[in-house]
Amino acid sequence: MAAQKDLCDAIVIGAGIQGCFTAYHLAKHRKRVILLEQFFLPHSRGSSHGQSRIIRRAYPEDFYTQMMDECYQIWAQLAHEAGTQLHRQTGLLLLGMKENSELKTIQATLSRRGVEHQCLSAEELKQRFPNVLLARGEVGVLDKSGGVLYADKALRALQDAIRHLGGLVCDGEKVMEIKPGFPVTVKSTAGSYQAKSLVITAGPWTNQLLRPLGIELPLQTLRINVCYWREKVPGSYGVFQAFPCFLGLGLSPAPHHIYGLPSGEYPGLMKVCYHHGNNVDPEERDCPEAFSDFQDVQILGRFVRDHLPDLEPKPALLEPCLYTNTPDEHFILDRHPKYDNVVIGAGFSGHGFKLSPVVGKILYELSMKLTPSYDLTPFRMSRFPGLGKAHL
């Protein structure tokens with residue numbers, strides 16, 4: 001524990017993937033950084049746990065596809081430093097109706113950015129992936145750069161790298177009070193710390209920390225069922241059969257995206273999930289009454305039955321996960337409107353893991369008062385009414 005008289009360059013609250021990459025960039029630039037985590041590591045209470053995430057360049061928004069170029073580079077750099085594989089290229093198969101506007105926009109973005117991809121008719125897709133069925137009018141687009149990130153391994157590699165670079169990782173320390181100003185003081189259950197700047201990447205607990213500082217972000221915390229489905233023939237949807245990750249866009253009867261990763265985390269089980277869930281208090285994540293509606297599982301069951309016939313139509317395993325999103329599902333990367341040495345990163349769930357190398361870089365730059373490497377217009381909190389200033 002740092003003594004209160006020791007002034008570090010930055011404190012980062014929250015050791016999920018965004019907080020870890022922020023601390024990593026700070027330590028990489030020889031800044032004295034303390035990373036505070038309320039739970040003991042590793043834990044499964046937030047949004048960054050689990051074995052796998054999808055990595056892709058396929059986005060309708062040009063700015064995300066642009067950011068992913070550098071993300072791939074930093075992921076490769078971290079893997080080299082850690083001496084372990086953190087990513088496997090499988091391709092990402094986008095499924096949707098031929099006239100789907102989001103699918104068309106993604107194709108245009110991939111073409112504009114020079115990302116290698118392939119448009120597949122129903123007939124071509126059937127030849128390439130015979131255990132995927134399409135309904136009439138559905139087509140596929142293959143983002144060849146897509147693949148699987150090994151999430152748990154990446155978190156461990158980052159936390160090890162932060163320590164190796166001289167950063168301090170303090171787990172099991174819940175933040176009890178933040179005293180803004182210069183320096184900023186953070187009091188935890190284990191001690192008191194002072195720093196020139198503070199970065200808050202606390203996921204579902206972000207607003208608990210921000211309310212005493214005069215702002216509340218429009219964040220929605222959802223409890224997601226991470227579902228695993230048993231293969232009728234083990235390995236039929238596996239990486240060794242060259243099966244890709246996939247993302248279903250606007251497929252009936254699902255109003256939200258459906259996504260999946262090739263089997264591999266658990267023998268004979270494929271991860272297929274619904275990008276939506278039930279509102280929940282983060283403190284009640286494991287309370288059965290908080291997620292009694294399993295409509296998402298019913299939607300997934302119909303999708304599996306109609307599109308992935310070589311999977312059993314009922315999930316073999318469900319794991320809970322917390323998602324914290326903004327209303328427009330774009331991140332918040334900004335400074336506090338009153339305290340410019342307090343930086344906020346929030347709203348990453350659903351698609352933020354893959355972008356965390358650049359998100360961490362941006363949060364590092366904001367905390368050090370550097371010019372951000374990317375245009376932050378899509379990520380400013382002022383895009384939401386009433387969030388241009390603090391209310392104290």
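Definitions and cut-offs
Residues numbered from 1 in each chain as written. Predicted model: local features only at pLDDT ≥ 70, side-chain atom pairs only at ≥ 80, totals over all residues. Heavy atoms only, no water. Pairing = 2+ DSSP bridges. Helix = DSSP H or I, 4+ residues; strand = E, 2+ residues; numbered from the N terminus. Axes fitted to C-alpha atoms, helices over the stretch in contact; angles between N-to-C directions. Contact = heavy atoms within 4.5 Å. Expected span 1.5 Å × (residues − 1). Phe/Tyr/Trp six-rings, centres within 6.5 Å; stacked < 30°, edge-to-face > 60°. Buried < 20%, exposed > 50% of the residue type's maximum accessible area, 1.4 Å probe, protein only. Lys NZ or Arg CZ within 6 Å of the ring centre and 35° of its normal. Polar contact = N/O pair within 3.5 Å; in protein donor to acceptor, adjacent residues only side chain to side chain. Salt bridge = Lys/Arg side-chain N within 4 Å of Asp/Glu carboxyl O. Core = buried A, V, L, I, M, F, W, Y, C linked by side-chain atoms within 4.5 Å.

Asks: Provide a residue-level description of the sheet that holds strand β4 (residues 87-89), including the pertinent values.
Replies: Within the open sheet, the three strands sit side by side as β3-β8-β4. Their pairing is antiparallel. Two strands bound the open sheet, and with one partner strand each, they are β3 (52-55) and β4. The average undirected angle you get between the axes of adjacent strands in this sheet is 25 degrees. Along the sheet, helix α5 (residues 151-164) contacts β3 and β8 (147-150); its crossing angle with β8, the most-contacted strand, is approximately 45 degrees.

Asks: An account of helix α7 (residues 295-307) is requested, with residue identities and associated values reported.
Replies: Spanning 13 residues, α7 covers 18 Å between terminal C-alpha atoms, matching the ideal 18 Å at 1.5 Å per step. Tucked into the core, α7 has its buried residues touching β7 (138-143), β13 (220-231), β14 (245-249), β15 (258-266), β16 (269-274) and β18 (311-325).

Asks: Which residues make up the packing of aromatic side chains, and what values go with them?
Replies: For the coordinates displayed, the defined rule picks out 15 aromatic pairs. Ring plane angle 40 degrees and centroid distance 4.9 Å describe the contact between Tyr59 and Tyr64, whose orientation is recorded as tilted. Taking relative accessible area as the criterion, Tyr59 reaches 3% and is therefore assigned buried. For Tyr64, a relative accessible area of 0% corresponds to the buried category. With centroids separated by 6.1 Å and ring planes inclined at 75 degrees, the aromatic side chains of Phe129 and Phe243 adopt a geometry described as edge-to-face. With Phe129 in the loop between α4 (122-128) and β7 and Phe243 in the loop between β13 and β14, this pair connects stretches of sequence that are 114 residues apart. Accessibility assignment for this pair places Phe129 and Phe243 in one class, buried. Among the aromatic residues, those joined into a cluster by ring pairs are Tyr59, Phe63, Tyr64, Phe331, Phe348 and Phe379. Directly above the aromatic system of Tyr72 lies the positively charged group of Arg57, at a separation of 4.1 Å from the ring centroid.

Asks: An account of the environment of Val12 is requested, with residue identities and associated values reported.
Replies: Relative to the helices and strands, Val12 is located in strand β1 (residues 7-13). On a C-alpha basis, the gap between Val12 and Leu35 in space is 4.8 Å, while along the polypeptide they are 23 residues apart. When neighbours within four sequence positions are excluded, Val12 is seen to be in contact with Gly19, Thr22, Ala23, Leu26, Val33, Ile34, Leu35, Leu36, Val199 and Thr201.

Asks: Requested: an account of helix α1 (residues 17-28), with residues and values cited.
Replies: With twelve residues, α1 should reach 16 Å at 1.5 Å per residue; the first-to-last C-alpha distance of 16 Å fits that figure. Burial of α1 is extensive: eleven of the twelve residues sit out of reach of the surface. Those residues of α1 lying buried are Ile17, Gln18, Gly19, Cys20, Phe21, Thr22, Ala23, Tyr24, His25, Leu26 and Ala27. Buried residues belonging to α1 abut β1, β2 (33-36), α2 (62-82), α5, β12 (192-200) and α8 (356-367).

Asks: Tell me what's going on with the side chain of Ser367, and back it up with residues and numbers.
Replies: Tracing the sequence through the fold places Ser367 in helix α8. On the basis of relative accessibility, which here comes to 5%, the residue Ser367 falls in the buried class. Within the structure, the side chain of Ser367 is placed 2.7 Å from the backbone oxygen of Tyr364, a separation counted as a polar contact. The contacts of Ser367, once residues within four sequence positions are left out, are Leu26, Ser197, Val199 and Val343.

Asks: Outline the pattern of salt bridges, listing residues and values.
Replies: On inspection of all chains with the given rule, the structure shows 14 salt bridges. The closest approach of N and O atoms between Asp340 and Lys369, which form a salt bridge, is 3.6 Å. Taken together, the residues Asp340 in the loop between β19 (332-335) and β20 (342-346) and Lys369 in the segment after α8 connect sequence positions 29 residues apart. Connected via shared salt-bridge partners are Asp62, Arg112 and Arg113.

Asks: How would you summarise the nonpolar core if you had to cite specific residues and measurements?
Replies: Trp75 and Leu355 are the most contacted members of the largest nonpolar core, which totals 50 residues. Broken down by secondary-structure element, the contributors of at least two residues to this core are β1, α1, β2, α2, α5 and α8. Here this core gets nine residues from one element, more than from any other, and that element is α2. Not counting chain neighbours up to four residues away, the residues in contact with Leu355 comprise Tyr59, Tyr64, Met67, Met68, Cys71 and Phe331.

Asks: Which residues make up the pairing of β15, and what are the values?
Replies: For β15, a buried count of seven out of nine residues is recorded, marking the element as mostly surrounded by other parts of the structure. Relative to β15, β14 runs antiparallel, the two sharing three bridges. The residue of β15 that forms the bridge with Leu247 is Tyr259. One ladder, built from five bridges, connects β15 with β16; its direction is antiparallel. Within β16, the residue paired with Gly260 across the bridge is Val272.

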